[in-house]
Amino acid sequence: MTTKEYESYYVPADSQWPIIGALALFCIAFGAGGFVSQIGAETEGSGWGYLLMTGIAIVIYMIVGWIANVISESMSGLYSEQMSASFRQGMSWFIFSEVMFFCAFFGALFYARVLSVPWLAGDGANVMTGAVLWPEFQAAWPLIKTPAGGETQAMGWFGLPLLNTVLLLTSSVTAHFAHLALLKNDRTKLKLFLGITIILGISFMFFQVEEYIEAYQHMNLRLDSGIYGSTFFMLTGFHGMHVTLGTVMLIVVFMRVLKGHFTPTDHFGFEAASWYWHFVDVVWVLLFLFVYIL
Amino acid sequence: MTTSTTDMAHDDHGYMATGIKRWLFTTNHKDIGTMYLWFAFIMFLTGGSMAMVIRAELFQPGLQIVNPDFFNQLTTVHGLIMVFGAIMPAFTGLANWMIPMMIGAPDMALPRLNNWSFWILPFAFTILLSSFFLGGAPNFGWTFYAPLSTTYSNGSTAFFVFAVHIMGISSIMGAINVIVTIMNLRAPGMTYMKMPLFVWTFFITAYLLIAVMPVLAGVVTMLLTDTYFGTSFFDASGGGDPVMFQHIFWFFGHPEVYIMILPAFGIVSTTIPTFSRKKLFGYSSMVYATSSIAFLSFIVWAHHMFTTGMPLIGELFFMYCTLLIAVPTGVKVFNWMATMWRGSISFEVPMMFSIAFVILFTIGGFSGLMLAMAPVDFQYHDTYFVVAHFHYVLVTGSLFSIYAAAYYWLPKWTGHMFNETLAKAHFWCSLISVNLLFFPMHFLGLAGMPRRIPDYALQFADFNMWVSIGGFAFGLSQLIFLAVVIKCIRGGEKAPAKPWDGAEGLEWTVPSPAPYHTFSTPPKID
């Protein structure tokens, strides 16, 4: 930036959206805190759920309003090249923070597989751990029999997971084709490939739900089935939430494309959604490798 | 939305909402910085009053004022508030106020996001503090080790977890904002290696934040599902491990320690050259030392867990890596000394706090070296020695640097000079009482007094009484600071644009108080 000529940087005037967003997060966090606290307690239904729902409603209102605000500013040409760079960098560092979030759960997975499960069976200097606590326990991964004796089945990689891998990898490619079409200003191809990407994303979520139903109803693989179930559902679950968010972003971008937004040179909104989508795809590849195959 | 920036640029009293709306809806980095600083100070007094109750309880052996469970809630919430509610927001407030002015930017790069980052915090702490009235606040220590926070939770875990989640969102957005501002909004000619050191240290701090706050979010999520949804991350009967909690937590926790000290390094690297009337000795080595400390902070986390049980190779690795941190830190302390060497030093209040910082932080650093040695840590672990260590680095380190910064920039913020006599009284009262408060804790710890207990053996009685007296005195001394700030806002000698004759930097090129909008067109840096 220092070499370019300096442009006037747009500093937005007062905005009501941030404080609405803060209020929304307050309702969500407080409501969720109260709601979750009551799980298993006898005093259910004292309004925490309503607070949570109110928070979610406010946050949706905030996101819609804020984004509409930003889009109209962008369309009226208030944003300079330099602001665009701010948005891009902001989005890339946000994705980096998301990567670190998944690192915590992958870290837990590797710790369990490499250290805690073998140690519980007496590996390393932990002979007494195995002998004293659960002498019958055998280390294995997937851990289908926990030290306390809970049993479950392992989710294979063939079938739905493989299908989902193909769907998501294809969607990453079509998202890229859509980007190329946008750069060439080929609007028909842009709409086509973006549409395909969204359909692939929705199908992925559909099959993921199918897989969860299968796991719960037929395989006794649940969130509380020991460390295998915990890591399986937390990793795939958070990934699924990110796919959902990514799909919503793509749908917003698709509607903007239909309205004629974005040009070959200026399309930050499109890029942000597409970067996010590629990130979600990369996480899935790692998941498929470490949660399902290996 | 229709007011263009260029119109505001040449008008010091440009558009500004009035009343409560100004503070709720603002996108101005100075307003947001001010709110961060006031919020941090209110939280500091809140957490501090809890510390007063803790010290009153520990004034004499035996149970006096509060029951043990409430004592645990106080130590926990005191820690959480001071870390997440006082020190971190105070630094963020300073960054908000000063970074755009120091790099010649019109504002932060993402001003609305900036407002959101701030306003989340009061709400997050409302949730945390309201848990006192909803069946008990967190009582498992600020480190919330499993299974204390899972199996043996007093029912506050869910409120705690969600409060931490939204605090984390706030920190991450704030950090992204700082990074983008520094990368993208520097005035023409301000290359990276010309940035003031405070900007550099906060830049690196922001990277630490976006790298580890998400990990904190992850670990509290596991805590939540373990407590309420039956997962087994920290439960050996399901194949997990409570020690895994400590690993993930401290992977966040150790960089977090540097998040609370790196900006302090930046502050004293600003004030010491000013009052020594010399350029900072070894600018580039300061930048490299800060980066090395940030890097090392990711590979030392298990030194908090030497007594938890780890393979020998782990103990050795984490011990040596931790001791390595002394090298870049030593570089810094050397540079500060060398900056003062043969300078024409004058002892204004910011300088007094800075010199106290260098000496007392170094004491905290040395006790850190002692704790870093695995074999001796077996004796010190979880004693008052640890409490003494981290209070030396956080109170006489981070907090003193924040005071140095506040006194240094108060004339710029308010347009008035502060009352020097009162400020000096604040310094001397704080300096003497803080040492009475924390120094005897070293001896208590070495003699074996464990931390986080409401009662203790008789032989610790005398030292504890001194510590408590020091604590009350230190707490009261902070009210002097409040008086200084209020007096300074309401009036006093007019401050010139550059009240400190040795000061350098763009913030001193604008009038005092700084206009509502600065550098709408960027200055040129040679």
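Treat the numbers as computed from the prediction; the structure is a model and nothing was measured.

**Brief notes about the overall build of chain A**
Then, number 1: Tallying secondary structure elements over chain A gives 8 helices and 0 strands in all.
Then, number 2: Its helices and strands taken in sequence order, chain A reads α-α-α-α-α-α-α-α from the N to the C terminus.
Then, number 3: Considering only C-alpha atoms, chain A reaches an extent of 70 × 45 × 40 Å along its principal axes.

**Topic: the interface of chain B and chain A**
Then, number 1: Every contact between the two is made by 69 residues of chain B and, on the other side, 59 residues of chain A.
Then, number 2: A total of 13 residues in the side of chain B that touches chain A trace back to one element, the largest contributor, which is helix H6 (residues 157–184) of chain B.
Then, number 3: Per-class residue counts for the side of chain B that touches chain A are 44 nonpolar, 21 polar and 4 charged.

**Things to note about the nonpolar core**
Then, number 1: With 257 residues, the main nonpolar core has Ala163(B) and Val219(B) as its most contacted residues.
Then, number 2: Counting residues per element, this core draws most heavily on helix H7 (residues 197–228) of chain B, at 22 residues.
Then, number 3: Once residues lying within four places of it in the same chain are set aside, the contact partners of Val219(B) are Ala104(A), Phe245(B), Ile248(B), Phe249(B) and Phe252(B).

**Regarding the environment of Asp526(B)**
Then, number 1: Tracing the chain through its elements places Asp526(B) in the segment after helix H17 (461–490).
Then, number 2: Here the alpha-carbon distance between Asp526(B) and Met43(B), two residues 483 residues apart in the chain, equals 41 Å.

**Observations regarding the domain arrangement of chain A**
Then, number 1: By domain assignment, chain A separates into domain 1 (1–79) and domain 2 (83–97 + 150–293).
Then, number 2: Between the C-alpha centres of domain 1 of chain A and domain 2 of chain A the distance comes to 23 Å.

**Some remarks on helix H15 (residues 384–414) of chain B**
Residue and element names in this part refer to chain B.
Then, number 1: Bending of H15 peaks at approximately 40° at the position of Tyr408, with proline Pro411 no more than four residues after it.
Then, number 2: Of all 31 residues in H15, 30 are buried, a share of seventy percent or more.
Then, number 3: Of the residues one or two after H15, Gly415 is the one with positive phi, at around 85°.

**As for the environment of Ala104(A)**
Then, number 1: Along the chain, Ala104(A) turns up in helix H3 (residues 81–120).
Then, number 2: C-beta crowding within 10 Å serves as the criterion here: with 23 such atoms nearby, Ala104(A) is assigned to the buried category.
Then, number 3: Residues in contact with Ala104(A), not counting those within four places in the same chain, are Pro214(B), Val215(B), Gly218(B), Val219(B) and Ile248(B).

**Brief notes about the packing of helix H10 (residues 283–296) of chain B against helix H12 (residues 326–340) of chain B**
Residues and elements named next belong to chain B.
Then, number 1: Their axes nearest at 8 Å, the elements H10 and H12 cross at an angle of 150°. When the axis of H10 is compared with that of H12, the two are roughly antiparallel. As H10 packs across H12, the resulting crossing turns out to be left-handed. For the pair H10 and H12, contact is made by Ser285, Met286, Ala289, Ser292 and Ile293 and by Pro328, Thr329, Val331, Lys332 and Asn335, respectively.

**So, the packing of helix H5 (residues 160–183) of chain A against helix H8 (residues 268–293) of chain A**
Residues and elements named next belong to chain A.
Then, number 1: Orientation of H5 relative to H8, taken along the N-to-C sense of each, is 155°, at an axis distance of 10 Å. Between H5 and H8, the crossing angle belongs to the class labelled roughly antiparallel. Relative to H8, H5 is oriented so that their crossing is left-handed. Where H5 abuts H8, its residues Pro161, Thr165, Leu168, Leu169, Ser172, Ala175, His179 and Leu182 lie against Phe270, Ser274, Trp277, His278, Asp281, Trp284, Phe288 and Tyr292.
Then, number 2: Of the residues in the contact of H5 with H8, the class split is 10 nonpolar, 5 polar and 1 charged.

So, how was this worked out
Starting from 1, residues in each chain are numbered consecutively following that chain's sequence as written. Labels follow written order: the first chain is A, the first ligand is 1, and so on. Side-chain atom pairs in this predicted model are given and counted only at pLDDT of 80 or more, local residue features only at pLDDT of at least 70, and totals for whole chains, interfaces and linings cover all residues. Elements are defined by DSSP. Helices are runs of H or I of four residues or more, strands are runs of E of two residues or more, and each kind is numbered from the N terminus. We call two residues in contact whenever the C-beta atoms placed from their backbones are within 7 Å. Gly falls in the polar group here, along with every residue not listed as nonpolar (Ala, Val, Leu, Ile, Met, Phe, Trp, Tyr, Cys, Pro) or charged (Asp, Glu, Lys, Arg). Structurally, a nonpolar core is described as a collection of buried Ala, Val, Leu, Ile, Met, Phe, Trp, Tyr and Cys residues joined by way of C-beta atoms within 7 Å. Three classes are used. A residue is buried when 20 or more other C-beta atoms lie within 10 Å of its own, exposed when 12 or fewer do, and partly exposed in between, with C-beta atoms placed from the backbone. Where each domain begins and ends is defined by an automated method or by a domain database. For a residue, the bend is simply the angle between two axes, fitted respectively to the seven-residue segment ending there and the seven-residue segment starting there. With axes taken as lines fitted to C-alpha atoms, and helix axes fitted only over the stretch in contact, angles between N-to-C directions fall between 0 and 180 degrees. Throughout this description, any angle smaller than 35 degrees is read as roughly parallel, any larger than 145 degrees as roughly antiparallel, any in the 65 to 115 degree range as roughly perpendicular, and the remainder as oblique. When the near helix sits turned anticlockwise from the far one by under a right angle, the crossing is termed left-handed; a clockwise turn instead gives a right-handed crossing.

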